Amino acid sequence: MESLQVSDYMNTHPVKLNAEMPVAQAVEALLSTQQSGGPVLDIKGRVIGFLSEQDCIATMIASSYYREQICRVGDIMKAPVLSVKPYMSVIELGELFLKQKPKVYPVVDDDGILLGCINRTSVLKAIDVQLNDGYRHAV
């Protein structure tokens, strides 16, 4: 099972945000793609931050009190970003999910360029597929 790699199960079409984008626009992008967060990229495609639903909820609640929506993604994104490499083992990533808080990790190449994202559901699916395949071969 160690041969399962992140690249085999990552989402290759994640939502892509930029630091200058209004949070309201980022929320629309997250909702329309049904993703719980997304990487924030610089103009070269390098990951410079991450914006989660939780970050957006806090900002939107504050906006509802003050009737203002001037906050930008760069104001509330998390940085530095915890990311993973495409050649990382899914099992290793699963262990990382158990130790750290992110529900989604950007997948980046060795230069920090976004390749995709992987979430807990994808890791669970990868492990489940492998285990079911192993059970079929054992019988």
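Just above sits the structure.
Since we're looking at a predicted model, the values are computed, not measured.

Q: Hey, could you go over the overall build of the protein for me, with residue numbers and the actual values?
A: Scanning the protein from terminus to terminus reveals 5 helices and 5 strands. Out of the 139 residues in the protein, the part that is buried amounts to 40%.

Q: Any details on the side chain of T59? Residues and values, ideally.
A: Counting through the fold element by element, T59 comes out in helix α2 (residues 53–66). A residue is classified by how much of its surface remains accessible, and T59, at 13% relative accessible area, is buried. Here D55 takes part through its backbone oxygen, which lies 3.2 Å from a polar atom of the side chain of T59.

Q: Can you tell me about the environment of L51, naming the residues and giving the values?
A: Its place among the elements puts L51 in strand β3 (residues 47–52). As a C-alpha pair, L51 and A26 span 25 residues in sequence and 8.5 Å in three-dimensional space. In contact with L51, other than residues within four places in its own chain, are L17, A26, G37, G38, V40, C56, V73, I76 and M77.

Q: Outline the sheet that holds β3, supporting the account with residue identities and numerical values.
A: Strands sit in the order β1-β2-β3 across an open sheet of 3 strands; the sheet is mixed. Looking at the sheet topology across the chains shown, the edges are occupied by β1 (17–18) and β3. Both strand β2 (residues 37–41) and β3 contribute to a ladder of 5 bridges, which runs antiparallel. From the neighbouring strand, V40 faces β3, where its bridge partner is G49.

Q: Lay out the layout of surface pockets with the relevant residues and their values.
A: In this structure, the largest pocket encloses a volume near 490 Å³. What lines the largest pocket is a set of 16 residues, and nearest its centre among them are F50, S52, K101, P102 and K103. Sorting the residues of the lining of the largest pocket by element identifies β3, α2 and β4 (104–108) as the ones contributing at least two each. The dominant element in the lining of the largest pocket, judged by the number of residues it contributes, is α2, at 3 residues. Broken down by class, the residue content of the lining of the largest pocket amounts to 7 nonpolar, 4 polar and 5 charged. In this structure, the second largest pocket occupies an estimated 160 Å³ of space.

Q: Tell me about the packing of aromatic side chains, residues and numbers included.
A: Under the definition given, this model contains 1 aromatic pair. Relative to Y105, the ring of F97 has its centre 5.1 Å away and its plane inclined at 65 degrees; by these criteria the two rings are edge-to-face. Each member of the pair, F97 together with Y105, is buried.

Q: Mind laying out the side chain of S89, listing which residues take part and the relevant values?
A: Following the sequence through the fold, S89 ends up in the loop between α3 (73–76) and α4 (90–99). On the basis of relative accessible area, S89 is assigned to the buried category, the value being 7%. A polar side-chain atom of S89 sits 3.1 Å from the main-chain amide nitrogen of I91.

Q: Can you explain helix α1 (residues 23–33)? Please cite residues and give values.
A: Burial in α1 covers these residues: V23, A26, V27, A29 and L30. Within α1, the buried residues cover an arc of 160 degrees as seen down the axis, which keeps them to one side. Seen from the open side of α1, the exposed residues pointing more than 90 degrees away from its buried face are E28, L31 and S32. Phi turns positive, to about 55 degrees, at Q34, one or two residues after α1.

Conventions we followed
Residues numbered from 1 in each chain as written. Predicted model: local features only at pLDDT ≥ 70, side-chain atom pairs only at ≥ 80, totals over all residues. Heavy atoms only, no water. Helix = DSSP H or I, 4+ residues; strand = E, 2+ residues; numbered from the N terminus. Buried < 20%, exposed > 50% of the residue type's maximum accessible area, 1.4 Å probe, protein only. Polar contact = N/O pair within 3.5 Å; in protein donor to acceptor, adjacent residues only side chain to side chain. Contact = heavy atoms within 4.5 Å. Pairing = 2+ DSSP bridges. 1 Å grid on protein atoms, 1.4 Å probe; cavity = no way out; pocket = protein on both sides within 12 Å on 5 of 7 lines; lining within 4 Å. Points joined across faces, edges and corners; volume = space filled by probe spheres on them. Nonpolar A, V, L, I, M, F, W, Y, C, P; charged D, E, K, R; others polar. Phe/Tyr/Trp six-rings, centres within 6.5 Å; stacked < 30°, edge-to-face > 60°. Arc of directions from axis to C-beta.

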